[in-house]
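Topology and contacts: notes
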Protein chains: 2
Amino acid sequence: MQPGPRPAAALAEGPLNESELKKLHAFWRAANYLSVGQIYLLANPLLREPLQAKHIKPRLLGHWGTTPGLNFLYAHLNRVIKARDLDAIFICGPGHGGPAMVANAYLEGTYSEVYPAVGRDVIGLQRLFRQFSFPGGIPSHDAPETPGSIHEGGELGYALTHAYGAAFDNPDLKVFCVVGDGEAETGPLAASWHSDKFLNPITDGAVLPILHLNGYKIANPTILARIPESELRQLLEGYGHMPYIIEGDDPMDMHQRMAALLELVLDEIAEIQGAARKKKRATRPRWPMIVMRTPKGWTGPKEVDGLPVEGTWRSHQVPVDNVAKPEHLRILSEWLRSYRPEELFDDNGALVAELAELPPTGRRRMSANPHANGGELTQELRLPDFRDFASKVEKPGTTFDEATKILGQFLRDVIAQNPRIFRLMGPDETASNRLSAVFDVTNRTWLAETLPVDDHLAPDGRVMEVLSEHLCQGWLEGYLLTGRHGLFTCYEAFIH
Amino acid sequence: MQPGPRPAAALAEGPLNESELKKLHAFWRAANYLSVGQIYLLANPLLREPLQAKHIKPRLLGHWGTTPGLNFLYAHLNRVIKARDLDAIFICGPGHGGPAMVANAYLEGTYSEVYPAVGRDVIGLQRLFRQFSFPGGIPSHDAPETPGSIHEGGELGYALTHAYGAAFDNPDLKVFCVVGDGEAETGPLAASWHSDKFLNPITDGAVLPILHLNGYKIANPTILARIPESELRQLLEGYGHMPYIIEGDDPMDMHQRMAALLELVLDEIAEIQGAARKKKRATRPRWPMIVMRTPKGWTGPKEVDGLPVEGTWRSHQVPVDNVAKPEHLRILSEWLRSYRPEELFDDNGALVAELAELPPTGRRRMSANPHANGGELTQELRLPDFRDFASKVEKPGTTFDEATKILGQFLRDVIAQNPRIFRLMGPDETASNRLSAVFDVTNRTWLAETLPVDDHLAPDGRVMEVLSEHLCQGWLEGYLLTGRHGLFTCYEAFIH
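The model shown is predicted, which means the values in this text are computed figures rather than measured ones.

**Digging into the overall build of chain A**
For chain A, the helix and strand inventory stands at 15 helices and 12 strands. For chain A, whose C-alpha radius of gyration is 24 Å, the value lies close to the compact-globule estimate of 23 Å for 496 residues. Its C-alpha atoms give chain A principal-axis dimensions of roughly 85 × 55 × 40 Å. Residue burial in chain A is summarised as follows: out of 496 residues, 62% are buried. Partitioning the contacts of chain A with sequence separation of at least 6, the portion at a separation of at least 24 is 74%. In the structure as shown, chain A presents an accessible area of about 18400 Å², 53% of it carried by carbon and sulfur atoms. Chain A carries 50 positive and 62 negative side-chain charges, and their two centres are separated by 2 Å.

Structure (structure tokens):
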């Protein structure tokens, strides 16, 4: 259950043949092109005429830095989803990653299905670009309206808790969760690595955390990118994970290595789940995770005005602005053309056929997976009749009862009648809040060590207790947004 | 700068002679007695008559579980403060540790100095006990009115950030910070271990984190107590610390080992600071920390109603209640008498002389240290005349300026005029908020690795940037409450 690191040789051999490599790389180029297009272009979406300042948005507002890494991962995850027929969703922790999520939903066709005005042609492309971070358009962050998203960018820190919330009680689901190294500095995120003590390898799905070290926040380096690798490894192992670290900036080399690494970690996840499910014994495994260290603004402008941009904090948002300067316009034009859009889109502006057939189809697309659109999967919660729990009052002023104790009896029956679609979250206050009746029918989820004196701990409890209101909140959000039900009880004033 | 673990032999030999050991243990017994007294007793404070139900508070509200561990640490820290003439304060992370903090302030005499009605005699003892968690009395948590406290119990998670905030720019201060294993599950606390990347061994003081694993929260075990020790060690080393783990329940053995361990870690801190100050070169050391694993409710009732209590979650609050039951009253009486109060207090109810002389005196007492009462040390902030920064308006409607850019110029001068008593905190938004003028005179504090491309990072900056509003807030609180000044800037709605 605790597989050790594989020999490095297994990673050095690339699993992609030349044609696969070429197509995967082209798909990434397409996503990057669409991302830069969204940030910059008002018109001339396929650069069929020389780029001019009038084609550029007058006010540039979008985040490039995190985007190429997200696009890289998305393309690779698509490959394994298809190869293994995975049921998977994508949690985009870096809040500013809007361009990437929209670009991929568009490349998969989902975007045009949901928003028919943004079709898969030149006019659609132009609308896709113009609407981004534009008056009357769409947010620059991953947003509820982005197909495939259950995770709003903005207040950072909840990526992993949302991922775990989605995975609970979804045994066949894989949740790919990208954690930005900025977000990783937040309290909620720092605590949420411990969610691995609450994930049941038999009845829950898997979360694959991918810590993306692009090294910088807005103007500063990130802590996790600036501690020795040995220390980072200790930290992540201390959180209970088996980290696999992949680092580089050469695209072809990185494609081969990422393809190999994903095979490896998905094999490990399959082994962990397979063994637990076969033995019917849920213990805490050392779940694999990925640390990907790539340059911030990878494939973007290397230098602007004599200052390094790719691989630095200057790539965070708009790496080259003020396109009234001819030199800046030239840099932008060369950057966009470096993705060779003429090879990626056909005469009508549609993605060329050999790329369009790359992603998974239908509900296997991460942008169209029904788990990421909870309403499609929601089952009605069976509720007992609350009248059955009424306190009997024979004569006024003679009956004594505790309101929450009776609520506990009601919740006990809710849990019993909804064994796989309802969870109760709280910071270790379920008993203190007098809801103990729930323990007649369930336990507290706990995959860490237990002792005989412990009270109602089990790997498959319906009650989730951890002394972090952030985790309770995030887990519940992830659980609800994937179509289930739950309740967060707490007496702390600050959660009400 | 990165000392490895010392051979275990160094810990096995106890540094305490028999008399020291006996007195230290007696002081701990006294603190424990006063803690239990506060939780339970209305009258008969020294048990000079047989304990009866009428001596007990009718409603029992207080937290015993964490208290004996806090008292143990406090007694040992007093020893080293005196031996080394340390300037030190105590941050009591376990929010419920009120009985311990009040008991120690009372034993040191500070409590009676601040609250003369609660004198060092039988009547004072009775008042001390009665007021605790009682109508018109004092809170059950460590509170602002508790002498020596800058850290309010309640919303858990800020112990370490308060400790670091106190240590910044106080090069001679030691901050002993107890982190409960409940609190350690919170987001703010999980992130705040990384504060060690922001502590300058030359110009700042030292923080000694003491993670107290008593194993349980209210009704549940804690995560950090239920992962393998190897994993815990990886986690804490991954956070950048050198953890020393001490575990046991035999008081005499634990006294010797804790005394030895404190010598060791204080030597290491002295070495780290000494080397950096001698070389005038601030790098990030691997600061020592302590993990203390002792039973929850240590020295309390072993069993009540046939159920184990000491060492379990049943010790969290009131380990034995309903003293109308003779058996419960007997357990409480035996528990109180186990500390042998007749040996600890004289006929008048004052602490016996040989114990009263144990703690440090005057401002060296942690309960009377002026750093923990910021008002005593506050220096006026020198502020430039804001009129000097006014935007010149020659003619209405013709001048364009950015308000925060001008604020940045004002703050630049505030920093220049107050080089050691003012800090600017923020989640990597100082430049983004147009306050960049501050970088004309200072840098961002950063003790982690740097690269040539980095912008204004240095070990001694006045600007503290980390992508955790919790850390910014906690650091600033610790800094302000120890008598300094600062500002937290951020554009996130949720901090306003």
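**Re helix 6 (residues 122–131) of chain A**
All names here are of chain A. Considered for burial, the residues of helix 6 that qualify are Gly 124, Leu 125, Leu 128, Phe 129 and Gln 131. In the core, the buried residues of helix 6 are packed alongside helix 2 (18–40), helix 4 (98–107) and helix 5 (110–114). Once helix 6 finishes, Ser 133 follows within two positions and takes phi at roughly 50 degrees, a positive value.

**Section: unusual backbone geometry**
Residue and element names in this part refer to chain B. The residue Leu 47 is not glycine, and still its phi comes out positive at about 55 degrees. In this fold, Leu 47 is placed in the loop between helix 2 (18–40) and helix 3 (67–84). Phi angles above zero are rare outside glycine, and Asn 322 is one such case at about 45 degrees. Inspection of the secondary structure puts Asn 322 in the loop between strand 7 (307–308) and helix 11 (326–337). Owing to a relative accessible area of 43%, Asn 322 belongs among the partly exposed residues under this scheme.

**Details of the domain arrangement of chain A**
Residues and elements named next belong to chain A. Each domain of chain A was delimited in the assignment, giving domain 1 (18–372) and domain 2 (386–488). Taken together, the contact between domain 1 and domain 2 spans 25 residues of the former and 22 residues of the latter. Across the domain 1 to domain 2 interface the summed buried area is about 2000 Å²; carbon plus sulfur atoms make up 63%. One can count four salt bridges joining domain 1 with domain 2. The residue Arg 462 makes a salt bridge to Asp 169 at a minimum N-O spacing of 2.8 Å. Here domain 1 is connected to domain 2 by 12 residue pairs in polar contact (both at pLDDT 80 or more). For the side of domain 1 that touches domain 2, the secondary structure elements donating two or more residues are helix 7 (159–167) and helix 8 (187–192).

**Points about the confidence of the model for chain A**
Residue and element names in this part refer to chain A. Scored by pLDDT, chain A comes out at a mean of 95, with 97% of its residues at no less than 70. Scored below 50 in pLDDT, residues 1–12 shows 24 contacts in the model against residues more than four places distant or in partner chains. In the predicted complex, the global pTM is 0.96; the interface-specific ipTM is 0.95.

**Looking at the side chain of Gln38(A)**
Residues and elements named next belong to chain A. Tracing the backbone through its elements, the reader meets Gln 38 in helix 2. For Gln 38, a relative accessible area of 0% gives the class buried. Discounting chain neighbours no more than four positions away, the residues touching Gln 38 are Lys 57, Pro 99, Val 102, Ala 103, Leu 128, Phe 129 and Phe 132.

**Looking at the interface of chain A and chain B**
On the chain B side, the residues contacting the 58 residues of chain A number 59 residues. Between chain A and chain B, roughly 4800 Å² of surface is buried when both sides are summed, and carbon and sulfur atoms account for 58% of that area. A per-residue breakdown of the area chain A buries against chain B is headed by Ile223(A), Arg226(A) and Leu467(A), which together make up 14% of the total. At the boundary of chain A and chain B, one finds six salt bridges. Along the contact surface separating chain A from chain B lie 25 residue pairs in polar contact (both at pLDDT 80 or more). Where the side of chain A that touches chain B is concerned, the elements lending two or more residues are helix 8 and helix 9 (229–238) of chain A.

**Some points on the sheet that holds strand 5 (residues 288–293) of chain B**
Residues and elements named next belong to chain B. Taken together, the five strands give an open sheet; going across it, the order is 1-2-3-5-4, and neighbouring strands pair in parallel fashion. In this open sheet, the two edge strands, each paired with only one partner strand, are strand 1 (87–92) and strand 4 (242–247). Within the sheet, the average angular offset between the axes of one strand and its neighbour, ignoring direction, is 20 degrees. The pairing of strand 1 with strand 2 (residues 173–180) spans six bridges and is classified as parallel. Counted as the bridge partner of Ala 88 is Lys 174 from strand 2. Strands strand 1, strand 2, strand 3 (206–213) and strand 5 of the sheet are contacted by helix 3, whose axis makes an angle of about 175 degrees with strand 1.

Quick notes on the rules
- Residues numbered from 1 in each chain as written.
- Chains lettered and ligands numbered in written order.
- Predicted model: local features only at pLDDT ≥ 70, side-chain atom pairs only at ≥ 80, totals over all residues.
- Heavy atoms only, no water.
- Helix = DSSP H or I, 4+ residues; strand = E, 2+ residues; numbered from the N terminus.
- Rg over C-alpha atoms; globule rule 2.2 N^0.38 Å.
- Buried < 20%, exposed > 50% of the residue type's maximum accessible area, 1.4 Å probe, protein only.
- Contact = heavy atoms within 4.5 Å.
- Areas by Shrake-Rupley, 256 points an atom, 1.4 Å probe, with all protein chains shown as cover.
- Lys, Arg positive; Asp, Glu negative; His and termini not counted.
- Charge placed at Lys NZ, Arg CZ, Asp CG, Glu CD.
- Domains from an automatic or database assignment.
- Buried area = accessible area lost by both parts, 1.4 Å probe.
- Salt bridge = Lys/Arg side-chain N within 4 Å of Asp/Glu carboxyl O.
- Polar contact = N/O pair within 3.5 Å; in protein donor to acceptor, adjacent residues only side chain to side chain.
- pLDDT = per-residue confidence, 0-100.
- Pairing = 2+ DSSP bridges.
- Axes fitted to C-alpha atoms, helices over the stretch in contact; angles between N-to-C directions.

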